[in-house]
Amino acid sequence: MNYVELEEFLAKKINHARIDVIGTSVLKRYLYAVTFDFLSSQTVIIQGAIHAREHITTDLICELIKNASENYQKYKLMGMPNIVFVPMVNPDGVELCCHGLASVRSLTRRRVLKSINGSTDFSQFKANANGVDLNNNFDAKWGSGKESCFVASPHGFVGEAPMSEPEVQSLALFTMKIKPFFTISYHAKGQEIYYEFFNKLENRKRDKRIAKLISKATYYKIVSTENSSSGGYKDWCVLRFGIPAVTIEVGKDSLLHPISRAALGQIYRRNKNILKALPKILMEFENDRKRKNDAARTKRGKESV
Ligand SMILES: [Zn+2]
């Protein structure tokens, strides 16, 4: 789905949803957030298309938005946390991927982008309009990943500084405001789940249990990476807030980038149970917090004796 199609989707009435603009891209396109308030004290953020050519994840998130809207009353009774969907974090990159340089007004920027990309075919582009890989730009052991690149590129460039890009700043500020208990980052492809990034010792069991709940809902396999990436949104959420966060790579590995909409039905079928898993994930999170609080109280009690 491209940016114009996303705006068309959001222009139609979506029952029970609130739509906000949480920031703008390098080329001043809007970053949208779609919120479902289930009257919970906790919120989950689900974001997609931070990598341009993975815009099938925007289609998937729009399907999940429809699902949340249609089942709102049922989900509220299930103890659903509030859900904020950010369907397209990198609209400039997605437009480049879908429409090439015609999507860029400034002739100077067109020239620069053509030289960064090495051709006028942007179908494999992952970065934003500055040639920065937004999922390497977060302040989470920035620049230390195995595949970090230090020059503007279709993928991998970490940026001039951590958090240098407006899209990253917007999503980071929004996340700090919302204080989610859990985040999901949708990427493509490989049908895999990642959840590790220097997780604190005391959170490791909880985070693994939560990754397993995601695996159970999607039948995707959990991959242990032991910190090989860096600067990703999931990485930043784990490191900065100590919350569980997962990256879900959707779509079979045999599919080609960008994944065509013909695969959406199959991808949605594997992901539609994610929403039903959220109350269980929230319960897991709350139980773990209670266990830690009880243990701290017992420890304090022993110390004061
Ligand atoms: Zn990706």
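These figures come from a predicted structure and were not determined experimentally. (Residues numbered from 1 in each chain as written. Predicted model: local features only at pLDDT ≥ 70, side-chain atom pairs only at ≥ 80, totals over all residues.)

This paragraph deals with unusual backbone geometry. Along the chain, A188 connects to K189 via a cis peptide bond; the corresponding omega equals 20°. Within the secondary structure, K189 is located in the loop between β5 (182-188) and β6 (192-194). One non-glycine residue, H16, adopts positive backbone phi at about 70°. Mapped onto the elements of the fold, H16 is located in the loop between α1 (3-11) and β1 (17-24). The exposure class assigned to H16 is partly exposed, which follows from the 16 C-beta atoms found within 10 Å. For M163, which is not a glycine, the phi torsion comes out positive at approximately 65°. M163 sits in the partly exposed class, given 17 other C-beta atoms within 10 Å. (Helix = DSSP H or I, 4+ residues; strand = E, 2+ residues; numbered from the N terminus. Buried ≥ 20, exposed ≤ 12 C-beta atoms within 10 Å, placed from the backbone.)

This paragraph deals with the environment of F198. Inspection of the secondary structure puts F198 in the loop between β6 and α7 (204-218). For F198, a count of 12 C-beta atoms within 10 Å puts it in the exposed group.

Once that is clear, we can look at the pairing of β1. With seven bridges joining them, β1 and strand β2 (residues 30-36) adopt antiparallel strand pairing. Each residue of the ladder has a partner; that of V21, found in β2, is Y32. A loop of five residues connects β1 with β2, the two strands running antiparallel in sequence, and K28 in this loop sits at a positive phi of about 65°. (Pairing = 2+ DSSP bridges.)

Pairing within the open sheet is mixed, and its eight strands lie in the order β1-β2-β4-β3-β5-β8-β6-β7. What marks the edges here is a single partner per strand, and that holds for β1 and β7 (221-222). In this structure, β5 lies alongside strand β8 (residues 245-250), joined through six bridges in parallel fashion. Counted as the bridge partner of T183 is A245 from β8. In the packing of helix α8 (residues 233-241) onto the sheet, the strands contacted are β3 (43-48), β5, β6 and β8, and the crossing angle to β8 comes to about 165°. (Contact = placed C-beta atoms within 7 Å. Axes fitted to C-alpha atoms, helices over the stretch in contact; angles between N-to-C directions.)

This next bit is on helix α10 (residues 274-304). Helix length check: α10, at 31 residues, gives a terminal C-alpha distance of 45 Å against a target of 45 Å (1.5 Å per residue), a fit within 8%. If you check which residues of α10 are buried, you get I274, L275, L278, I281, L282 and F285. Close packing links the buried residues of α10 with β3, α2 (56-70), α3 (72-77), β5, α7 and α9 (264-271). (Expected span 1.5 Å × (residues − 1).)

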